Amino acid sequence: MDANNDELAVSISAFKKQTETILKEANHRPIAVLRHGAPAFFVMDPLLYAAIMEDLADQPVYQKTIERLANASHLFEVDIDDL
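What you see is a predicted model; the values in this text were computed from it and never measured.

Draft legend 1. Up close: the packing of aromatic side chains. In this structure the tally under the stated criterion is one aromatic pair. For the ring pair Phe-15 and Phe-41, a centre distance of 6.0 Å and an interplane angle of 75 degrees mean the geometry is edge-to-face. Of this pair, Phe-15 sits in helix 1 (residues 12-17) while Phe-41 sits in strand 4 (residues 38-43), and the two are 26 residues apart along the sequence. Classification of Phe-15 by relative accessible area gives buried; the value is 5%.

Draft legend 2. Representation of a nonpolar patch on the surface. A cluster of nonpolar residues, Phe-76, Val-78, Ile-80 and Leu-83, forms a patch on the protein surface that exposes about 370 Å² of accessible area. Tracing the chain through its elements places Leu-83 in the segment after helix 4 (61-70). Exposure remark for Leu-83: the relative accessible area of 30% places this residue in the partly exposed category.

Draft legend 3. View of the packing of helix 3 (residues 46-57) against helix 4. For the pair helix 3 and helix 4, the least separation of the axes is 7 Å and the interaxial angle reads 120 degrees. Taken as axis vectors, helix 3 and helix 4 run oblique relative to one another. Here Met-53, Leu-56 and Ala-57 of helix 3 come into contact with helix 4, specifically with Val-61, Tyr-62 and Ile-66. Taken together, the residues of the contact of helix 3 with helix 4 break down into six nonpolar, no polar and no charged.

Draft legend 4. Up close: the nonpolar core. In terms of nonpolar packing, the biggest core is built from nine residues, these being Leu-8, Val-10, Ile-12, Phe-15, Ile-22, Ala-26, Ile-31, Val-33 and Val-43. Put simply, the parts of the chain that give this core at least two residues each are strand 2 (7-11), helix 1, helix 2 (19-26) and strand 3 (31-35). In this structure, Ile-12 is in contact with Val-33, Leu-34, Arg-35, Phe-41 and Leu-83, ignoring residues within four places of it in sequence.

Draft legend 5. The arrangement of the side chain of Asp-45 in detail. Secondary-structure assignment places Asp-45 in the loop between strand 4 and helix 3. Of the side chains with opposite charge, Arg-29 lies nearest to the buried Asp-45, which makes no salt bridge, at 11 Å. Within polar-contact distance, the side chain of Asp-45 engages the side chain of His-28 at 2.7 Å.

So, how was this worked out
Residues numbered from 1 in each chain as written. Predicted model: local features only at pLDDT ≥ 70, side-chain atom pairs only at ≥ 80, totals over all residues. Heavy atoms only, no water. Phe/Tyr/Trp six-rings, centres within 6.5 Å; stacked < 30°, edge-to-face > 60°. Helix = DSSP H or I, 4+ residues; strand = E, 2+ residues; numbered from the N terminus. Buried < 20%, exposed > 50% of the residue type's maximum accessible area, 1.4 Å probe, protein only. Patch = residues over 30% accessible without salt bridge, like charges linked within 9 Å, V, L, I, M, F, W, Y side chains within 5 Å. Areas by Shrake-Rupley, 256 points an atom, 1.4 Å probe, with all protein chains shown as cover. Salt bridge = Lys/Arg side-chain N within 4 Å of Asp/Glu carboxyl O. Axes fitted to C-alpha atoms, helices over the stretch in contact; angles between N-to-C directions. Parallel < 35°, antiparallel > 145°, perpendicular 65-115°, else oblique. Contact = heavy atoms within 4.5 Å. Nonpolar A, V, L, I, M, F, W, Y, C, P; charged D, E, K, R; others polar. Core = buried A, V, L, I, M, F, W, Y, C linked by side-chain atoms within 4.5 Å. Lys, Arg positive; Asp, Glu negative; His and termini not counted. Polar contact = N/O pair within 3.5 Å; in protein donor to acceptor, adjacent residues only side chain to side chain.

Right under this line is the structure:
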């Protein structure tokens, strides 16, 4: 796992093979999961996610975000084995 400032980065294949170990090493810090050297998605601790969402609630863009998330027509479920 590579550290870039406070963000950790790991390849998608390593993340799939060693998920538990990587999560322990991250110690609640966000993890960038890379595909071909570019971020494919981020993994974050639920408490960090809750704190971010709480901060968003204080911003005008929060309502628009909630409206967009409520419209599930553009969302799709992904199986980690398909990544």
